[in-house]
Amino acid sequence: MAAPTKGPRLGGGPAHERLMLANLAAALFTHKSIKTTETKAKRLRPVAERLVTLAKKGDLHARRRALATIHDKTVIHELFTEIAPLVELRQGGYTRITKLGYRKGDNAPMVQIELVLEPVNAQPKAKADTKQPKAAPVEEAPAEDVTEEAPVEETPVEETEVTAEAPAEDAAADEAPADEAPAAAAEAPTEDAAK
Amino acid sequence: MAVPKRKMSRASTRMRRAQWKATPPTLVKSIENGKTVYSLPHHAKVVEDSAGTPLYMEYKGRKVADV
């Protein structure tokens, strides 16, 4: 259910606002995407989405109720026959508002309000995303098995390096009690030399 | 009709006007192609070609509007 709007009506009065919103909704259904001010777009959204809901219902009564808002039969026909099938699986949220910036002249925040006509695939996609991380480790595990050989080859090399480093470090550690700072300084070159 | 009794002093005028302050807009810093770009958050951006001609407005990888 649409929440009651706060603040004054748009335009000159309640009737003016109704007409403006009806005309904006008609323009939206005709062009699928319109540029308007943020305030108008936010007021338009519940009006337009309600009309889309009526269009999804699709019977004669719903059509007459939609015609009570938008008096243009061609627009209503397009809404019921072309737009309604595209949003059949969508459970609300038929419009999308994107902020564009500020209008030159009065600095009004402008938005693009458009009908969301893409097929609904967000839910399967999200599941696919969750599956991918699960699947990824499974795929990685064999990959690791393949790559394990390389680390095995590498580890002895590292071990030899470690063993090569170890005496040097031991020697450094032996020297350490005497004077720690030069020993630490001596450690770094030996490690570099080992690598 | 109610009218001011006294002329408003220059000091009062200036004290009032001293409270008119501009606030800096909240911007998002991002790096695109090695250039640091500051842009408004949650707003569509203008996509330009290599020559700098604006092509269209884009938001979250979706073409939103013409410029």
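The structure under discussion appears in the preceding block.
If you're wondering where the values come from, they're calculated on a predicted model, not measured in any experiment. (Residues numbered from 1 in each chain as written. Chains lettered and ligands numbered in written order. Predicted model: local features only at pLDDT ≥ 70, side-chain atom pairs only at ≥ 80, totals over all residues. Heavy atoms only, no water.)

Visitor: Now, about the overall build of chain B: what can you tell me, with residues and values included?
Guide: When helices and strands are tallied, chain B shows one helix and five strands. Along chain B, from the amino end to the carboxyl end, the secondary structure elements read α-β-β-β-β-β. A total of 67 residues make up chain B; the buried ones form 13% of that total. Here the contacts in chain B between residues at least 6 apart in sequence split such that 0% fall between residues at least 24 apart. (Helix = DSSP H or I, 4+ residues; strand = E, 2+ residues; numbered from the N terminus. Buried < 20%, exposed > 50% of the residue type's maximum accessible area, 1.4 Å probe, protein only. Contact = heavy atoms within 4.5 Å.)

Visitor: Would you mind going over the packing of aromatic side chains in detail, with residue names and values included?
Guide: Considering all chains together, one arrives at zero aromatic pairs over all chains under this definition. In this structure, Lys63 of chain B packs its charged tip against the face of Tyr56 of chain B, placed 5.4 Å from the ring centre. (Phe/Tyr/Trp six-rings, centres within 6.5 Å; stacked < 30°, edge-to-face > 60°. Lys NZ or Arg CZ within 6 Å of the ring centre and 35° of its normal.)

Visitor: For the sheet that holds strand 3 (residues 109–115) of chain A, give the residues involved together with the corresponding values.
Guide: Residues and elements named next belong to chain A. The antiparallel open sheet is built from three strands, whose spatial order is 1-3-2. Single-partner strands in this sheet number two, and they are strand 1 (33–37) and strand 2 (95–102). Strand-to-strand twist across the sheet, computed as the mean angle between neighbouring axes with direction ignored, equals 25°. As paired elements, strand 1 and strand 3 share five bridges and run antiparallel to each other. (Pairing = 2+ DSSP bridges. Axes fitted to C-alpha atoms, helices over the stretch in contact; angles between N-to-C directions.)

Visitor: Could you give me a rundown of the environment of Ile70 of chain A, with the residues and numbers involved?
Guide: Residues and elements named next belong to chain A. If you trace the backbone, Ile70 turns up in the loop between helix 3 (60–69) and helix 4 (73–86). For Ile70, a relative accessible area of 3% corresponds to the buried category. Taking the C-alpha atoms as reference, Ile70 lies 6.5 Å from Ala26; in sequence the two are 44 residues apart.

Visitor: Hey, could you go over the packing of helix 1 (residues 14–31) of chain A against helix 4 of chain A for me, with residue numbers and the actual values?
Guide: All names here are of chain A. In the contact formed by helix 1 and helix 4, the axes pass within 10 Å of each other and the chain directions differ by 45°. The angle between helix 1 and helix 4 places the two elements in the oblique class. For the crossing formed where helix 1 meets helix 4, the hand is left-handed. From helix 1, Ala26, Phe29 and Thr30 reach across to helix 4, where they touch Val75, Glu78, Leu79 and Ile83. Considering only residue class, the contact of helix 1 with helix 4 consists of five nonpolar, one polar and one charged. (Parallel < 35°, antiparallel > 145°, perpendicular 65-115°, else oblique. Left-handed = near helix turned anticlockwise from the far one by under 90°. Nonpolar A, V, L, I, M, F, W, Y, C, P; charged D, E, K, R; others polar.)

Visitor: Give me the lowdown on the sheet that holds strand 4 (residues 54–59) of chain B, citing residues and values where you can.
Guide: Residues and elements named next belong to chain B. With antiparallel pairing, the three strands of this open sheet are ordered in space as 3-4-5. Two strands lie at the open edges of the sheet, namely strand 3 (45–48) and strand 5 (62–66), each paired on one side alone. Averaged over all neighbouring strand pairs, the angle between strand axes comes to 45°, with direction disregarded. Two elements, strand 4 and strand 5, share four bridges in a ladder whose sense is antiparallel. Each residue of the ladder has a partner; that of Glu58, found in strand 5, is Lys63.

Visitor: Explain the interface of chain B and chain A to me, and be specific about the residues and the numbers.
Guide: Facing nine residues of chain B, the contacting portion of chain A comprises eight residues. For the pair chain B and chain A, the summed buried area comes to about 770 Å², and 62% of that belongs to carbon and sulfur atoms. At the boundary of chain B and chain A, one finds zero salt bridges. Linking chain B to chain A there are one residue pair in polar contact (both at pLDDT 80 or more). Within the residue set of the side of chain B that touches chain A, elements represented by two or more residues are strand 4 and strand 5 of chain B. If one sorts the elements of the side of chain B that touches chain A by residue count, strand 5 of chain B sits on top with three residues. Of the residues in the side of chain B that touches chain A, the class split is six nonpolar, two polar and one charged. (Buried area = accessible area lost by both parts, 1.4 Å probe. Salt bridge = Lys/Arg side-chain N within 4 Å of Asp/Glu carboxyl O. Polar contact = N/O pair within 3.5 Å; in protein donor to acceptor, adjacent residues only side chain to side chain.)

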